[in-house]
Amino acid sequence: MDPRKLKRQTSKIIECVFDDDNDDRTSDFRGAGSLASDATVEDDTFDPVLIADKLKEMVDKLNKDKEFQAAVSELRAAAEQDMISAFSKGVETLCNIEVSQQPAMAPEMQLIQASIALGLYVKNKAPELKNRVQRAMITFLNTRVVDWVNQQGGWDIVADS
């Protein structure tokens, strides 16, 4: 898969993660949409709303963890400084807490899970940071896991694992 296309898909998925009205937007995001320049038969199966929903389901345990909440507090305090660095550090911290460590889960999947959890937590607890965290999250995922997602066969495959 074209890495540029995968990065655009990552962006669409994160937009859907942050969107509270996904039921109404499935058809808007599905298929070619803003991916029209790269539209193929494969695009017909890409549904960022469905993928976002699956990723959100994976992170429910983290929301109650005290270490997770501490990492979010640190992210909030650093928001006026470097959001991408703070977000990356928060995700790394989350990946090291017991509740997020699952032996059968690939490290990249742990990074994805922790990013989604952290992003949603900030969205709900510090809505004024939503746009900044969303951009940091997209940058983080495109930098840290997009190659792995590509190796797995794309976001559709990763979300089903």
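From a predicted model like this one, the values you see are computed outputs, not experimental measurements.

(A) Local environment of the overall build of the protein chain. Tallying secondary structure elements over the protein chain gives nine helices and zero strands in all. Ordered by position from N to C terminus, the α and β elements of the protein chain give α-α-α-α-α-α-α-α-α. The buried share among the 161 residues of the protein chain stands at 48%. Carbon together with sulfur atoms contributes 47% to the accessible area of the protein chain, which is approximately 8,200 Å² in total.

(B) Quick look at the confidence of the model for the protein chain. Across the protein chain, the average pLDDT comes to 79, with 80% of residues at 70 or higher. Element-level pLDDT for the protein chain is lowest in helix α2 (residues 22-29), with a mean of 50, against a maximum mean of 94 in helix α8 (residues 146-152). Across residues 29-41 the pLDDT falls below 50, and counting only partners more than four positions away or on other chains, this stretch makes 26 contacts in the model.

(C) Focus on the pattern of salt bridges. This model, assessed by the stated rule, comprises four salt bridges. Measuring nitrogen to oxygen at the nearest pair gives 2.1 Å for the salt bridge that ties lysine 54 to aspartate 160. With lysine 54 in helix α3 (residues 48-57) and aspartate 160 in helix α9 (residues 155-160), this residue pair connects regions lying 106 residues apart in the sequence. For lysine 54, a relative accessible area of 24% puts it in the partly exposed group. The partner of glutamate 92 in a salt bridge is arginine 144, and the shortest N-O contact between them spans 2.6 Å. Here arginine 144 lies in helix α7 (residues 130-144) and glutamate 92 lies in helix α5 (residues 83-95), a separation of 52 residues in the sequence. On the basis of relative accessibility, which here comes to 30%, the residue glutamate 92 falls in the partly exposed class. You can call arginine 144 partly exposed: its relative accessible area is 39%.

(D) Summary view of the environment of valine 122. Its location among the elements puts valine 122 in helix α6 (residues 107-125). A C-alpha to C-alpha distance of 6.9 Å links valine 122 and valine 72, two positions 50 residues apart in sequence. Beyond its immediate sequence surroundings of up to four residues, valine 122 is in contact with Val72, Leu75, Pro127, Leu129 and Val133.

(E) Quick look at the side chain of serine 115. Relative to the elements of secondary structure, serine 115 occurs in helix α6. Residues in contact with serine 115, not counting those within four places in the same chain, are Phe87, Val91, Met137, Phe140 and Leu141.

(F) Quick peek at the nonpolar core. Phe68, Phe87, Ile112, Ile116, Leu118 and Trp155 are the most contacted members of the largest nonpolar core, which totals 51 residues. Counting only elements with at least two residues in this core, the list comes to α1 (3-18), α3, α4 (66-78), α5, α6, α7, α8 and α9. Here this core gets 10 residues from one element, more than from any other, and that element is α6. For isoleucine 112, the residues in contact, after removing those within four places along its chain, are Leu55, Leu141, Val145, Trp148, Val149, Trp155 and Val158.

(G) Quick look at the packing of α1 against α3. Packing of α1 against α3 brings their axes to within 8 Å, and their N-to-C directions diverge by 60 degrees. One way to sum up the angle between α1 and α3 is to call them oblique. Once α1 is placed against α3, the crossing between them reads as right-handed. Side by side, α1 and α3 meet where Lys12, Ile13, Cys16 and Val17 of the first sit next to Pro48, Val49, Ile51, Ala52, Leu55 and Lys56 of the second. Here the residues of the contact of α1 with α3 are counted per class, giving eight nonpolar, no polar and two charged.

(H) Molecular detail of α1. The first and last C-alpha atoms of α1 sit 23 Å apart over 16 residues, in line with the 22 Å expected at 1.5 Å per residue. Within α1, the full set of buried residues consists of Lys5, Leu6, Gln9, Thr10, Lys12, Ile13, Ile14, Cys16, Val17 and Phe18.

Thresholds, definitions, all that
- Residues numbered from 1 in each chain as written.
- Predicted model: local features only at pLDDT ≥ 70, side-chain atom pairs only at ≥ 80, totals over all residues.
- Heavy atoms only, no water.
- Helix = DSSP H or I, 4+ residues; strand = E, 2+ residues; numbered from the N terminus.
- Buried < 20%, exposed > 50% of the residue type's maximum accessible area, 1.4 Å probe, protein only.
- Areas by Shrake-Rupley, 256 points an atom, 1.4 Å probe, with all protein chains shown as cover.
- pLDDT = per-residue confidence, 0-100.
- Contact = heavy atoms within 4.5 Å.
- Salt bridge = Lys/Arg side-chain N within 4 Å of Asp/Glu carboxyl O.
- Core = buried A, V, L, I, M, F, W, Y, C linked by side-chain atoms within 4.5 Å.
- Axes fitted to C-alpha atoms, helices over the stretch in contact; angles between N-to-C directions.
- Parallel < 35°, antiparallel > 145°, perpendicular 65-115°, else oblique.
- Left-handed = near helix turned anticlockwise from the far one by under 90°.
- Nonpolar A, V, L, I, M, F, W, Y, C, P; charged D, E, K, R; others polar.
- Expected span 1.5 Å × (residues − 1).

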